[in-house]
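An overview of the molecular structure
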Amino acid sequence: MKKVLSALILGCAFTASLSAFTWSGLIDNNTKIAKNLSNTGVQLNQSNGIFLSMATPINKNLSFSAEGLYKYSYTKADDVSTFTNIVDVDLLKLGSTWGTASGFANLSLGRFFISDASSAVFAQTCDGIYFSTSIINWSVALYAGYTGLLNSLNVSMTALNTNTNDQFYNLSAGYIPLSAELSYGALFGTDVLGLQAMYFLDPKQELPSLFYGTVTLNGSISTIGTYSLAATLGSSEFKNLMMYAKADMMFFTTDSLILGIGAEYASGEQGAFTSFKTVTAKTACNYAGGYPLSGVLLPKLTATYAVNGLYANLTEKFVCLMPSDELKYSGFDTTLTILYNLFSDFQIGLDCNAYIDVNNSDSNYFGGTFKASLTF
């Protein structure tokens, strides 16, 4: 695989004009300290990495981009410590854009980030091919890929590869995601209505096949804000039914402050529904170990502030657990993110996380992560 990737990079680089070749790099640091009251010790996680990226046009309509990385992660909790080396190519893409008689078309081939319409089921790097075209107010997008060549040390999925390697590179579970999406961009004037169908199948037939259908609606609220709605129905092996839904509204209060309100719901064992399953691993809150995005109702409030190189976001979730028909308020979950550009090429940040369980204080969780990154 490495020989193929190297040949592709070299071939594209020599085909393109050397004067149009661009590259950049990033060195980052993440230092996390966390405490769960049910444990006696403090957990430490230290991670540092280096990322190298390049981009070059091949001709008028075709371009090539790539990014590779090395990073390590050291974790110590009580008397147990782990050290993990990770190498990965998280971007390797040939992209083409061209105009049509009444719109445009895009084609991407390789490894790049892809997401489902709700961003809840599948949002991660994947190997595949993506095609989209736009005709007046209509857009169509098709995608087919394979997850089995990804590095599971760098990409988190709910399904795990049984052949595990805890250093450098470990192959992920091998799903084939297939997606078809249709959107109309002139509903109620400028609002966008979208429909998407996604199917995940395992060619080895070791993992359950998953199907998801999503409808989305996005638009503006006059001149004061925006809204976003999404609802997903899913099934495993077409034998059951599961559901995910979310609603968000953002309001532009000043030039630098945006306030938001929203809610998420992921089904548990309620009536005709079963527990919601995602393909990309996701958690509902900051609770140590994490509640999966299943059997939960999450009302939330957000505030985002940005001015002169400073970015801050505060998100407050009210965690309501409903693994079955009973709804139980569990606690509130707070995330504060601060980023500041000290210089044009140097950024520092701080993530503060807290989960307060109103029923069991032993489940309370507090964590903080200091971040720093240098670009070159």
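Residues numbered from 1 in each chain as written. Predicted model: local features only at pLDDT ≥ 70, side-chain atom pairs only at ≥ 80, totals over all residues. Heavy atoms only, no water.

Quick look at the overall build of the protein
- A count of helical and extended segments in the protein gives one helix and 18 strands.
- Compactness check: the protein gives a C-alpha radius of gyration of 22 Å against a globular reference of 21 Å for 376 residues, within 12% of the reference.
- Dimensions of the protein, computed from the C-alpha atoms along their principal axes, are close to 65 × 50 × 50 Å.
- A burial count over the protein gives 39% of its 376 residues as buried.
- Long-range pairs, those at least 24 residues apart, make up 50% of the contacts in the protein between residues at least 6 apart in sequence.
- For the protein, the accessible area works out to roughly 19,500 Å², and carbon and sulfur atoms hold 64% of it.
- Charged side chains in the protein number 18 positive and 26 negative. The centres of these two groups are separated by 6 Å. (Helix = DSSP H or I, 4+ residues; strand = E, 2+ residues; numbered from the N terminus. Rg over C-alpha atoms; globule rule 2.2 N^0.38 Å. Buried < 20%, exposed > 50% of the residue type's maximum accessible area, 1.4 Å probe, protein only. Contact = heavy atoms within 4.5 Å. Areas by Shrake-Rupley, 256 points an atom, 1.4 Å probe, with all protein chains shown as cover. Lys, Arg positive; Asp, Glu negative; His and termini not counted. Charge placed at Lys NZ, Arg CZ, Asp CG, Glu CD.)

Considering the nonpolar core
- With 34 residues, the main nonpolar core has Phe122, Tyr175, Phe200, Tyr212, Val279 and Leu293 as its most contacted residues.
- Every element with two or more residues in this core is listed here: strand S5 (103-115), strand S9 (191-201), strand S10 (210-221), strand S12 (242-252), strand S14 (296-307) and strand S15 (310-321).
- Filtering out sequence-adjacent residues up to four positions away, Tyr175 remains in contact with Gly145, Tyr146, Thr147, Met157, Ala159, Phe200, Leu201, Asp202, Leu207, Pro208, Leu210 and Val279. (Core = buried A, V, L, I, M, F, W, Y, C linked by side-chain atoms within 4.5 Å.)

Concerning the pairing of S14
- For strand S13 (residues 257-266) and S14, the ladder comprises 10 bridges, and the chain directions are antiparallel. In the sheet register, Ile261 faces S14, and the bridge partner there is Leu301.
- Here S14 runs beside S15; their pairing, made up of 10 bridges, is antiparallel. Bridged to Leu297 within S15 is Cys320.
- Hairpin connection, S14 to S15: the antiparallel pair is bridged by two residues, and Asn308 has positive phi, about 50 degrees. (Pairing = 2+ DSSP bridges.)

Considerations on a nonpolar patch on the surface
- Judged by side-chain polarity, Phe21, Trp23, Ile27, Ile50, Leu52, Tyr70, Phe168, Leu374 and Phe376 come together as a nonpolar surface patch covering roughly 830 Å² of accessible area.
- Where the nonpolar patch is concerned, the elements lending two or more residues are strand S1 (22-36) and strand S2 (43-57).
- Its location among the elements puts Phe376 in the segment after strand S18 (365-375).
- By relative accessible area, Phe376 is classed as partly exposed at 43%. (Patch = residues over 30% accessible without salt bridge, like charges linked within 9 Å, V, L, I, M, F, W, Y side chains within 5 Å. Salt bridge = Lys/Arg side-chain N within 4 Å of Asp/Glu carboxyl O.)

Concerning the confidence of the model for the protein
- On average, the protein scores 91 in pLDDT, and the residues at 70 or more come to 93%.
- Low pLDDT, under 50, characterises residues 1-10; the predicted model gives this stretch nine contacts beyond four residues in sequence or across chains.
- pLDDT under 50 marks residues 12-17. Its contacts with residues more than four places away, or in other chains, come to 11 contacts. (pLDDT = per-residue confidence, 0-100.)

Looking at the environment of Asn170
- Relative to the elements of secondary structure, Asn170 occurs in the loop between strand S7 (138-146) and strand S8 (176-187).
- Its relative accessible area of 6% is what places Asn170 among the buried residues.
- For the pair Asn170 and Asp362, spaced 192 residues apart in sequence, the C-alpha to C-alpha distance is 34 Å.
- In contact with Asn170, not counting residues within four places along its chain, are Leu150, Asn151, Ser152, Leu153, Asn163, Thr164 and Asn165.
- Of the polar contacts made by the side chain of Asn170, one reaches the backbone nitrogen of Asn165; its length is 2.8 Å. (Polar contact = N/O pair within 3.5 Å; in protein donor to acceptor, adjacent residues only side chain to side chain.)

Focus on the pattern of salt bridges
- Counted under the stated rule, the structure contains four salt bridges.
- Measuring nitrogen to oxygen at the nearest pair gives 3.4 Å for the salt bridge that ties Arg111 to Asp88. With Arg111 in strand S5 and Asp88 in strand S4 (residues 80-99), the pair connects residues that are 23 residues apart, well separated along the chain. The pair Arg111 / Asp88 is uniform in exposure class, with both members buried.

Overview of the packing of aromatic side chains
- Overall, the coordinates contain 11 aromatic pairs when judged by the stated rule.
- Aromatic pair Phe112 and Tyr143: ring centres 6.3 Å apart, planes at 80 degrees, arrangement edge-to-face. Of the two residues, Phe112 is situated in strand S5 and Tyr143 in strand S7; the sequence distance between them amounts to 31 residues. As far as burial versus exposure is concerned, Phe112 and Tyr143 are alike and both buried.
- Pairing Phe200 with Tyr212 gives two aromatic rings, centres 6.0 Å apart and planes at 80 degrees, and the pair type is edge-to-face. One end of the pair, Phe200, is in strand S9; the other, Tyr212, is in strand S10, and 12 residues separate them in sequence. Of the two residues, Phe200 and Tyr212, both sit in the buried class.
- Taken together, Phe122, Tyr175, Phe200, Tyr212, Tyr244 and Phe276 form an aromatic cluster joined through their ring pairs. (Phe/Tyr/Trp six-rings, centres within 6.5 Å; stacked < 30°, edge-to-face > 60°.)

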